[in-house]
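# Topology and contacts: notes
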Amino acid sequence: MNVKTNISCGTLILALALSPCLFAQEPKPMSEPAKIAVYQTAGAPADPKVPARWNLYHDYAMATELLQHLAKAHPNHVRLQSIGKSIGGREMWVATISNFAQGKEEEKAGMWIDGGIHANEIQATEVVLYTAWYLAEMNGRSPFITKLLNERVFYQLPMMSPDSRDAHMYKPNNTHSPRSGQLPVDDDRDGLLDEDGPDDLDGDGHITQMRIRDPRGTHKPHDDYPELMVRAGADERGTYRLLGTEGIDNDGDGEVNEDGDGFYDPNRDFPWNWQPESVQSGSYRYPLAVPENRLMSEFVLAHPNIAGAQSYHNAAGMILRGPGAKNDKITGSDLAVYDRLGKEGEQLLPGYKYLECATGLYEAHGTEFDWFYGMLGVFGFTNELNTPYNMFGNHEGNFFGNQDTLHFFNKRLLFEDGFIPWHEVDHPKYGKVEVGGMAKNWVRQPASFMLEEECHRNMAFTLYHADQMPKVEIESVTVRPLGDDVQEVTAVIANNKLIPTRTAHDVAKKINPPDHIQITGENLKVLTAFTADNATFDEPTEHARRSSDLRIDTIRRQDPIYVRWLVSGKAPFTVTVRSLKGGMVQRASQEEETKK
Amino acid sequence: MNGGIYRKQLGAAFRLPPRHPFFTLVLVFSFAWWGWSLAVAEEPAKPESKPAVYDNAAALQARLEKISQSDFAELSSLGKTLGGRDVWLLTLGAKLSAAKPAVLLVGSVQASDLAAGELTLQMAERLLADATSNDEAAKKQAEQLLKQYTFYLIPRPSPDASERCFAELKTDSVVNQRTTDDDRDGETDEDPTDDLDANGLITMMRVESRSGNWILHPEDPRVMIEADPKKNELGQYLLYTEGIDNDGDGRWNEDRPGGIDFNRNFTFQYPYFEPVAGPNQVSEPETRAVADFAFNHANIALVYSFGPHDNINHPWKPNGNSDGSQYKTAILSADAPFQDKLVETIKQTLDLKDAPPSAGDDGAFAPWAYFHYGRWSLATRPWWVPAVSRENLAKALTERSKEKPAAEKPAEEKPGEAAKPPAESRGSEQLNALRWLELEQIAGFVPWKTVEHPDFPGLKVEVGGFVPNVLLNPPIRMLDGLAEKHLKGLAKALELSPSLMLSSPKCEALGGGVYRLKVTVRNQGFLPTMAAQGKASQLVAGVQIEATLPKDVKLITGTPRKHLPVLAGKTGSTEVSWILQAKSGTEGQIKLKAWSPTIGGVEEQVAIPKGK
């Protein structure tokens, strides 16, 4: 750890800003320039307390160690806890990051960030780890980050499916597996659990493809990239026949690889618009039946201050929001908020598209963002990391590019590190076959040199979102005597952030309790209260009931709340606003205003 | 499986301490009230082992333990509730085995419906008694059932909620002990009902006020009906449940103690944001315990449950729109005829009339069992208030007054009126219930009585109405005979089950040690090997066939085990063949086995022909 070189960015900037004044006061030439311990790269510390590399993938143990180091090095800003164990006995780590010395945690809007629910989408976890590291290390160096940690709290669960993360890394798999968690399921309903998964015939840890030489085959090598198998034309004979994914019929039922890890899709396990397997593939038994998701949901439900949510996935460069189902929709004014956030994301993430899941990608029931929006009243996004646009600056091909661009990239930029060359193995059914294909550590995942940029840009989008979470403010409290000991107290309550204290959907479905606006004071007696959406109190609404602690549906940026109480008592009066997601703020009426 | 671990963690997060003072209170007072309330109705005790009053949790456990002393029974717990009570499972069968097809029989899916759990237990007691009875016919039926099937009985799936029936203060609550913010104001359980007349019963409360929408029934002022502006009627009363506006929000009793309703917590047509439905589907320990038990038992073929959902008397109807939609809301057209036949079979045996309409699907257990669990699901109320015409009541009262001249005189009726159909259809159900109570001499209606009410100064406020659950849980003697009928109906329905047969298995020598093994698998039962919805659910195991070959016999084509398609009832069949190679002179038997966990299995031996 670098203790000596902790000159913060902030101090440096301050020193540089002050230096002309210093020159003016002390005109003698500077003999020795201020000693700069390390040349800082813009945007991230070159001398962090916790050194970290962002061009590699952290397995469960490495990620755990990094998080523990962060908590130890930044005790006032990072707290690490396990919310329980995965079914494989791994800890479900949640890092809570905020300035713990400033404000109460439950009174700060919380940003939920998770990754790796589909564990094969391994860079998702890296973005969350990077964000934790970045927030901790840039606190005190970046005024923006410092303010963010003063005002907000970040809850980060980098590994939603830690067992499958290690399974991807250390058990035979490919870039697409395992999407499921490790809870065994009888996929083929034969009474046996996970008995026929793929088989690593060559023992290299990668599940690739099988081919067999066949003079009357269906496929042949590609002209430019001979490792790539292409279908033979109608007027020619192929030289190979493809035999599918590396594996054998382990359970002797005539089907190959039909009952491997799981299968269930942990991101079809959330309660909003959940549908059973007959409608939604992978949905398993009922919402939150996946043990790791249940632990996560318990944490989220216990932190109702969470006001923003971000999940990371791959691939293809998308900023997705719900709804996942075509028969569902975003309520009223919430859409404009979503659009504003999403469009900002498109700018920060070149090549990414902001899309509605149901209409822009596919129908998906029971996803995380739908649960956050539909049942918790929280704007949630899923970023599909790694756009093929990043390879050569164009959108050719599908989610992962196309075969030509992938193989060209593999040849010229990975120097053929991304492909397992075809080689011969023995197969119990087919005899001598060849296995080979894309390595499991790319296609969906960025190559090493692209990983840090992916982490940083996605984090930047999420921090923008976090900054736009609601924050209540009291802009003024004024008192005007009306005679006969009656006074009129007027407060202007605002939320100058993009996200309202309660979403339109939340208000419509009464998901969270309303915001409270309370008045207190010596000998205070409240006669009644009014609210209006304008300073002149045209068409006010009377709050005859509970008028000293009135309830407001929501506070939106475009609609400040004007509150007026008719009271007797002794000024100053104190106005307190309490919002579950917008925080707590208090303000006393001012003396000179009282005298007016 | 990891269900166990997972439940434990959850339990720790939500469970109340088991010795919560509330429960102690409940136990102390429960017997007292039932003694009082049912003493009115109870005839002299019958010489039977059936209890005189409904069992509270402790009595239920004792009774289950007694039942489980039978060789055919086993008692286990599916898990603990928030209140620390066990969700009991009683397993019945000649050989307790998950290898036999099974029936899941669930009692009080509506927690306050104690009669449902009672009927479930009586079915168990009847079945076990029959199995050792001297009545040969009954014995045969019972033995057959216990031999062929495993019966999983969950008499009281939501025991904390059911236990509220035994609380000192009687309410119609059906919810468990989770604290909830029903009115979404940030406070939990802060506006309960209040016993204004201190009679230990939460009934209704009517307030004389022109701002109300309710009026008195023209024939019986005990019954409130809604004013109809189209009939030029002006409302005269506000109507609420008994209580005060404890939290001063202008609503009465809208955030009562607890909790979640087991029968609103399932995934099918889940009523999002309805207060008693829970934070999400299957959120409660008892709901998860029951659902996980079901999912973990591939052998369950049929779910039979007692509750407000009734497709035995009101069979589900298919609907083309639902068939064509990815979101099924009606029974599939392909399944409807089979349901109808099952229902008809049971109904014939039950021979019951005047079943009230079925309750809604929202989050309910019985429709879940079909739509999301993929099994045949049959459900009905255990009991309902029978129709009592004014004529019959008058007749009965006359008889009674002859028998006991000292008895109170019945309300006078104008001659001829009794025969007329009632002019007013509103409130007819309550009028019938009142006649039934009178006929049965049950003190089940608290007369309206004026009380002082802090929320309505200067207004006339009266408290009164039906005793909570009195129309749900009749004196136990009124369930007499129902257990036998349901058992018989269930046995008849099970006779319609799919049944596998291996027809004309043959091993034919083709020469040179090569053989063709061939068999036809038939379904001789009435039902297909699984419901169409079972197939769609991807939860029901299909039929498999396996050939076990002697040593030195190899397969040239095919694999030892195969998955077979769904076989229709009666006509369904599929042919399976393998090509084998054996060393010349090989002798022996090939074992063929076809099976499905929901149907059971059949085996045949085929000899490898000699010579050639």
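Quick caveat: nothing in here was measured; it's all calculated off a predicted structure. (Residues numbered from 1 in each chain as written. Chains lettered and ligands numbered in written order. Predicted model: local features only at pLDDT ≥ 70, side-chain atom pairs only at ≥ 80, totals over all residues. Heavy atoms only, no water.)

## Some words on the overall build of chain B
Convention followed: A helix here means a DSSP run of H or I that spans at least four residues, while a strand means a run of E at least two residues long, and both kinds are numbered starting from the N terminus. Burial classification: accessible surface area is computed with a 1.4 Å probe over protein chains only, and a residue below 20% of its type maximum counts as buried, one above 50% as exposed, and the rest as partly exposed. What sets the accessible areas is the Shrake-Rupley method with a 1.4 Å probe; for residues, cover comes only from the shown protein chains.
Counting secondary structure elements, chain B contains 14 helices and 20 strands. When each of the 612 residues of chain B is scored for burial, the buried share is 53%. Here chain B has roughly 26900 Å² of accessible surface; of this, 52% comes from carbon and sulfur atoms.

## Observations regarding the overall build of chain A
Filter applied, for reference: Here, two residues are considered to be in contact whenever any of their heavy atoms come within 4.5 Å of each other.
Regarding its fold elements, chain A presents 14 helices and 21 strands. Taking the principal axes of its C-alpha atoms as reference, chain A extends roughly 105 × 75 × 45 Å. Of all 596 residues assigned to chain A, the portion counted as buried reaches 58%. Sequence-distant contacts in chain A: of pairs separated by 6 or more residues, those separated by 24 or more amount to 73%.

## Regarding a nonpolar patch on the surface
All names here are of chain A. Worth spelling out the cut-off: Note on patches: the residues involved have over 30% relative accessible area and no salt bridge, like charges join within 9 Å, and the nonpolar side chains Val, Leu, Ile, Met, Phe, Trp and Tyr join within 5 Å. Salt bridges are identified by distance alone: a Lys or Arg side-chain nitrogen within 4 Å of an Asp or Glu carboxyl oxygen.
Taken together, Phe392, Phe408, Leu413 and Phe449 make up a surface patch of nonpolar side chains, about 350 Å² in accessible area. Among the structural elements, Phe392 can be located in helix 10 (residues 389–392). When its relative accessible area of 33% is taken as the criterion, Phe392 is described as partly exposed.

## Thoughts on the pairing of strand 3 (residues 102–108) of chain B
Consecutive side chains of a regular strand alternate in pointing toward one face of the sheet and then the other. Residue and element names in this part refer to chain B. Applied cut-off: A pair of strands is treated as paired once DSSP finds two or more bridges between them.
Burial analysis of strand 3 places seven of its seven residues in the buried class, the great majority of the element. Two elements, strand 3 and strand 4 (residues 150–154), share five bridges in a ladder whose sense is parallel. Bridge pairing links Val103 to Phe151 in strand 4. The sheet contact formed by strand 3 and strand 9 (residues 300–306) spans six bridges and is parallel. Of the residues in strand 9, the one forming a bridge with Ser108 is Phe306.

## With respect to the packing of helix 9 (residues 336–350) of chain B against helix 13 (residues 482–494) of chain B
Residues and elements named next belong to chain B. Basically, it comes down to this: In this analysis, axes come from line fits to C-alpha atoms, helices being fitted only over the stretch in contact, and the angle between any two N-to-C directions falls in the range 0 to 180 degrees. Roughly parallel refers to an angle under 35 degrees, roughly antiparallel to one over 145, roughly perpendicular to one between 65 and 115, and oblique to any angle outside these ranges. Two helices that cross are described as forming a left-handed crossing if the nearer one is turned anticlockwise from the farther one by less than a right angle, and a right-handed crossing if clockwise. For this scheme, ten residues count as nonpolar: Ala, Val, Leu, Ile, Met, Phe, Trp, Tyr, Cys and Pro. Four count as charged, namely Asp, Glu, Lys and Arg, and the remainder, Gly too, count as polar.
Between helix 9 and helix 13, the shortest axis-to-axis distance is 8 Å and the interhelical angle comes to 150 degrees. Looking at the two axes, helix 9 sits roughly antiparallel to helix 13. Every pair of crossing elements has a handedness; the one defined by helix 9 and helix 13 is right-handed. Note on element contacts: helix 13 touches helix 9 through Lys485, His486, Lys488, Gly489, Lys492 and Ala493, opposite Leu342, Thr345, Ile346, Thr349 and Leu350. When its residues are assigned to classes, the contact of helix 9 with helix 13 shows four nonpolar, four polar and three charged.

## Considerations on helix 4 (residues 114–131) of chain B
The cut-off we apply is this: What a helix should span is 1.5 Å times the count of its residues minus one.
With 18 residues, helix 4 of chain B extends 26 Å from end C-alpha to end C-alpha; this agrees with the ideal 26 Å at 1.5 Å per step. Of all 18 residues making up helix 4 of chain B, 15 are buried, and the element is well covered by its neighbours.

## Let's talk about unusual backbone geometry
Residue and element names in this part refer to chain A. Geometrically, the link from Asn314 to Ala315 is a cis peptide bond, its omega value of 10 degrees lying close to zero. Within the element layout of this structure, Ala315 appears in the loop between strand 9 (306–314) and strand 10 (318–321). The residue after Ala571, namely Pro572, is reached through a cis peptide bond having omega 0 degrees. Structurally, Pro572 can be placed in strand 20 (residues 561–579).

## Focus on the side chain of B:Arg156
In plain terms, the rule: In this charge count, Lys and Arg are treated as positive and Asp and Glu as negative; neither His nor the chain ends contribute.
Along the chain, B:Arg156 turns up in the loop between strand 4 and helix 6 (159–163). Here B:Arg156 is buried and forms no salt bridge, its nearest opposite-charge partner B:Glu163 lying at an N-O distance of 4.0 Å.

## Some remarks on the interface of chain A and chain B
Rules: Buried area: the accessible area, evaluated with a 1.4 Å probe, that two parts lose upon being put together, summed over both parts. Two N or O atoms form a polar contact when they lie within 3.5 Å of each other; inside protein one atom must be a possible hydrogen donor and the other a possible acceptor, and for residues adjacent in sequence the pair counts only when both atoms belong to side chains.
The interface is formed by 52 residues belonging to chain A together with 44 residues belonging to chain B. A buried area of about 3900 Å², summed over both sides, lies between chain A and chain B, and 53% of it is on carbon and sulfur atoms. Viewed at the interface, chain B and chain A are joined by four salt bridges. Residues A:Arg545 and B:Asp245 are paired through a salt bridge, measuring 3.9 Å at the closest nitrogen-oxygen approach. Summed over the shared surface of chain A and chain B, the result is 17 residue pairs in polar contact (both at pLDDT 80 or more). Mapped by element, the contributors of at least two residues to the side of chain A that touches chain B are helix 6 (291–301), helix 9 (368–376) and helix 13 (504–509) of chain A.

## A few points about the sheet that holds strand 2 (residues 91–97) of chain A
Residue and element names in this part refer to chain A. Here eight strands make up an open sheet; going across it, the order is 1-2-4-3-9-12-10-11 and the pairing mixed. Across the chains shown, the open sheet's two edge strands, defined by having one partner strand only, are strand 1 (78–85) and strand 11 (353–356). Neighbouring strand axes in the sheet, compared pairwise and without regard to direction, differ in orientation by 20 degrees on average. Bridge count for strand 9 against strand 12 (residues 379–385) is seven bridges, and the pairing is parallel. Bridge pairing links Asn314 to Leu385 in strand 12.

## Things to note about the confidence of the model for chain A
Residue and element names in this part refer to chain A. Just so we agree on the cut-off: Values of pLDDT, ranging from 0 to 100, describe the predictor's confidence in every residue of the model.
Predicted confidence across chain A gives a mean pLDDT of 93, with 93% of residues reaching 70 or more. A low-confidence stretch, residues 1–26 (pLDDT under 50), is modelled with 18 contacts involving residues beyond four sequence positions or located in other chains. When the criterion is pLDDT under 50, residues 592–596 qualifies, and its contacts beyond four places in sequence or with other chains add up to seven contacts.

## Quick notes on the confidence of the model for chain B
Any region with low pLDDT has predicted coordinates that should not be read closely. All names here are of chain B. Here chain B averages 89 in pLDDT, and 88% of its residues register 70 or above. Every residue in residues 1–48 scores below 50 in pLDDT, and together they form 73 contacts with partners more than four places removed in sequence or on other chains. With pTM at 0.90, the complex prediction returns an ipTM value of 0.91.

## Side note on empty space enclosed by the protein
Residues and elements named next belong to chain B. This is how it is decided: Every definition here rests on a 1 Å grid over the protein atoms only: cavities are sets of points where a 1.4 Å probe fits but cannot get out, pockets are open sets enclosed by protein on both sides within 12 Å along at least five of seven lines, and lining residues have some atom within 4 Å of a point. Grid points are joined across faces, edges and corners, and a volume is the space filled by probe spheres set on the points.
Scanning the entire structure with this criterion turns up 15 cavities of 30 Å³ or more. Estimated volume of the largest cavity: approximately 220 Å³. Lining the largest cavity are 21 residues, with Ala301, Leu302, Trp376, Pro498 and Leu527 sitting closest to its centre. For the lining of the largest cavity, the secondary structure elements donating two or more residues are strand 9 and helix 13. Ranked by the residues each element gives to the lining of the largest cavity, the list is headed by strand 9, at three residues. Here the residues of the lining of the largest cavity sort into 16 nonpolar, four polar and one charged.

## Description of the layout of surface pockets
Its volume calculated, the second largest pocket comes out at about 1200 Å³. Lining the second largest pocket we find 41 residues, and of these A:Leu301, B:Arg178, B:Asp181, B:Arg184 and B:Pro279 sit closest to its centre. Of all the elements in the fold, those that place two or more residues in the lining of the second largest pocket are helix 6 and helix 9 of chain A together with helix 1 (3–14) of chain B. The element that contributes the greatest number of residues to the lining of the second largest pocket is helix 9 of chain A, accounting for four residues. Among the residues making up the lining of the second largest pocket, the classes are represented as 22 nonpolar, nine polar and 10 charged.

## Considering the pattern of salt bridges
All names here are of chain B. Enumeration according to the criterion identifies 46 salt bridges over all chains in this entry. For the salt bridge of Glu125 with Arg63, the shortest nitrogen-to-oxygen distance reads 2.8 Å. One end of the pair, Glu125, is in helix 4; the other, Arg63, is in helix 3 (residues 57–67), with 62 residues separating them in the sequence. Owing to a relative accessible area of 23%, Glu125 belongs among the partly exposed residues under this scheme. Classification of Arg63 by relative accessible area gives buried; the value is 10%.

## Structural notes on the packing of aromatic side chains
This is how it is decided: Under the pairing criterion, centres of Phe, Tyr and Trp rings, with the six-membered ring standing for Trp, must be within 6.5 Å; the plane angle then separates stacked pairs below 30 degrees from edge-to-face pairs above 60, leaving the rest tilted. Distance and angle both matter: a charge sits over a ring if NZ of Lys or CZ of Arg is within 6 Å of the ring centre and within 35 degrees of the ring normal.
Tallied over the full model, the rule gives 48 aromatic pairs over all chains. Relative to B:Phe365, the ring of B:Phe266 lies with its centre 5.4 Å away and its plane at 75 degrees, an arrangement referred to as edge-to-face. Taken together, the positions of B:Phe266 in the loop between strand 8 (237–241) and helix 7 (285–296) and B:Phe365 in helix 10 (residues 365–371) put the pair 99 residues apart, joining distant regions of the chain. As far as the burial class goes, B:Phe266 and B:Phe365 line up, both buried. Note on B:Phe295 and B:Trp368: the rings are 5.9 Å apart at their centroids and 90 degrees apart in plane angle, and the pair reads as edge-to-face. Note that B:Phe295 is positioned in helix 7 and B:Trp368 in helix 10, a separation of 73 residues in sequence. By the burial criterion, B:Phe295 is buried, and B:Trp368 matches it. Linked through ring pairs, A:Tyr286, B:Phe262, B:Phe266, B:Phe295, B:Phe365, B:Trp368 and B:Tyr373 together constitute an aromatic cluster. In this structure, B:Arg206 is placed above the aromatic ring of B:Tyr237, and the distance from its NZ or CZ to the ring centre is 5.3 Å.

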